[in-house]
Amino acid sequence: MKFALSTNWCNRKYDSGEEIADKALELGFKALELGFRTTPEQLVGFSRRIDVMPIESVHAFCPVPISAPDGSPELYSLASFDENERAMARIHLLKTLDVASDLGANTIVLHAGRIPLSSFFAKNRNSQFLLDKLLVAKGDVKDGKYLKVLNAAIKVRAKRAKRLTNIFLKELDSILPNFEKKGIALALENLPFLEGYPNEKESLEIINKFKGSNLFAWFDTGHHRVREMHGWIDEEANLALDKLEELSLIRGMHLNDVKDYYDDHFAPGDGNVDFSALSNMIQKAKHVVFEPKSHVSEESIQKSLSHLTFLSIKQ
């Protein structure tokens, strides 16, 4: 089993790509995923270490756009109702594609977008209760009042998702030939928000529209755990996820852990994600990437890497 490290963990700690690659090698990783905080200067250093630390995936948008104060996977959304935002997303996604091609990566991870629900929250008289659950995330997700407002929000989301899907399909139809030419996959990541798009069912629907293309799903363990804990995943979502795995449409995974109701990006094993239940998916995925936040210690990462290496071999 080959585990990769997301450079998001230390893009801000080390100025050069060489230092990051050397640190990943020292910790025991076999490959890198270039994170969305990668700077143009760091790219030069990564290219000098490819022989010992290959780059196999890149998280859009990479490198950090010159106009942006910091990197973010949602600077722009390809799945957006705003035409100008989609145009900017196309520009920077194609730049990311060039980076991936130049450095030998074969997959780009994308946060596609979100379904806007702010107007629903503003108009719904119980919206503050729901917002408290979404943002503070404490209490019983089976609470009747919570479920009532949540179900109303889900219905609104579903209607808006149909409109957004029509727009997104056109964007994908336009941009995927660029990925095909370079032999690089585009993988749509599950997001830890009710508004996150596409969700499990939408991902399956969209990927099936482009069956046989270079379009895939990307599974983030922490994001999924957050969705579970908030009650945003139902039986249909789990069936769609199972189908994506069955059809080998999950290109890769981000491994991170969650202690509470938040997407904490702890080292695997330091939270409540059941990684043993995900062992089959881990073994089947083309990319398995550790994606801890910068506060996670080297010791925690090494401990997690040893544990998951043992788990994958044992299974």
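Residues numbered from 1 in each chain as written. Predicted model: local features only at pLDDT ≥ 70, side-chain atom pairs only at ≥ 80, totals over all residues. Heavy atoms only, no water.

Caption draft 1: Representation of the overall build of the protein in the model. A count of helical and extended segments in the protein gives 11 helices and 10 strands. Taken over C-alpha atoms, the radius of gyration comes to 19 Å for the protein, in line with the 20 Å a tight globule of 315 residues would show. Across its three principal directions, the C-alpha atoms of the protein cover 55 × 40 × 40 Å. Here the protein holds 315 residues, and the buried ones make up 54% of them. For the protein, the share of sequence-separated contacts (at least 6 apart) that also reach a separation of at least 24 residues comes to 77%. As presented, the protein carries roughly 14,300 Å² of accessible surface, and 50% of it is formed by carbon and sulfur atoms. If the 41 positive side-chain charges of the protein are averaged to one point and the 44 negative ones to another, these points end up 6 Å apart. (Helix = DSSP H or I, 4+ residues; strand = E, 2+ residues; numbered from the N terminus. Rg over C-alpha atoms; globule rule 2.2 N^0.38 Å. Buried < 20%, exposed > 50% of the residue type's maximum accessible area, 1.4 Å probe, protein only. Contact = heavy atoms within 4.5 Å. Areas by Shrake-Rupley, 256 points an atom, 1.4 Å probe, with all protein chains shown as cover. Lys, Arg positive; Asp, Glu negative; His and termini not counted. Charge placed at Lys NZ, Arg CZ, Asp CG, Glu CD.)

Caption draft 2: Layout of the side chain of N256. Summarising the element assignment, N256 is placed in the loop between β9 (250-255) and α10 (279-284). Among the polar contacts made by the side chain of N256, one reaches the side chain of D220 at a distance of 3.0 Å. Ignoring any residue separated from it by four or fewer positions in sequence, one finds N256 in contact with D220, T221, G222, D263, H265, F266, P268, V273, F275 and E291. (Polar contact = N/O pair within 3.5 Å; in protein donor to acceptor, adjacent residues only side chain to side chain.)

Caption draft 3: Just helix α6 (residues 144-182), in detail. A bend of about 35° at I175 is the largest found in α6, and the proline P177 appears one to four places after it. Positive phi shows up at G183, right after α6, with a value of about 65°. (Bend = angle between axes of the 7 residues up to and from the residue.)

Caption draft 4: Main features of the sheet that holds strand β1 (residues 4-6). A barrel is described by the order of its strands in space; here 8 strands give the closed sequence β1-β2-β3-β4-β6-β8-β9-β10, paired in parallel fashion. In this sheet, adjacent strand axes meet at a mean angle of 30° when their direction is disregarded. Here strand β3 (residues 55-59) pairs with strand β4 (residues 107-110) via 3 bridges, running parallel. Of the residues in β4, the one forming a bridge with S57 is T107. (Pairing = 2+ DSSP bridges. Axes fitted to C-alpha atoms, helices over the stretch in contact; angles between N-to-C directions.)

Caption draft 5: Representation of the pairing of strand β6 (residues 185-189). Among the 5 residues of β6, 5 are classified as buried, and the element is accordingly described as predominantly covered. Burial along β6 is two-sided: the face carrying A185, A187 and E189 and the face carrying L186 and L188 are both buried. Two elements, β4 and β6, share 4 bridges in a ladder whose sense is parallel. Note that in β6 the partner of I108 across the bridge is L186. In the sheet, β6 pairs with strand β8 (residues 215-220) via 4 bridges, with the strands oriented parallel. Paired with E189 across the strands is W218, a residue of β8.

Caption draft 6: Geometry of the side chain of E56. Position of E56 among the secondary structure elements: in strand β3. Using a relative accessible area of 17% as the deciding quantity, one classes E56 as buried. Setting aside anything within four residues of it in sequence, one finds E56 in contact with K2, A31, L32, A105, N106, T107 and H287.

Caption draft 7: Structural context of the pattern of salt bridges. Within this structure, the stated rule accounts for 16 salt bridges. Here E74 ties to R114 by a salt bridge, and the two come within 2.9 Å at their closest N and O atoms. Within this pair, whereas E74 is found in the loop between β3 and α3 (83-103), its partner R114 is found in strand β5 (residues 113-114), the two being separated by 40 residues in sequence. Residue classification places E74 among the partly exposed residues on the basis of a relative accessible area of 23%. The salt bridge involving K243 is made with E246; its shortest N-O contact spans 3.6 Å. Pair noted here: K243 and E246 are both in helix α9 (residues 235-246), with a separation of 3 residues, about one helical turn. In the salt-bridge network here, residues are joined through shared partners; they are R12, R37 and D70. (Salt bridge = Lys/Arg side-chain N within 4 Å of Asp/Glu carboxyl O.)

Caption draft 8: Representation of the nonpolar core. By size, the foremost hydrophobic cluster in this structure holds 86 residues, and its most contacted members are L93 and L186. The element contributing the most residues to this core is α6, with 12 residues. Ignoring any residue separated from it by four or fewer positions in sequence, one finds L186 in contact with L93, I108, L110, L172, L176, F179, N214, L215 and F216. Ranked by size, the runner-up nonpolar core spans 6 residues in total, among them A31, V109, A187 and W218. (Core = buried A, V, L, I, M, F, W, Y, C linked by side-chain atoms within 4.5 Å.)

Caption draft 9: Structural context of the environment of F120. For F120, the position within the fold is in helix α4 (residues 118-123). Given the relative accessible area of 10%, F120 is considered buried. With 33 residues separating them along the chain, F120 and A153 place their C-alpha atoms 7.1 Å apart.

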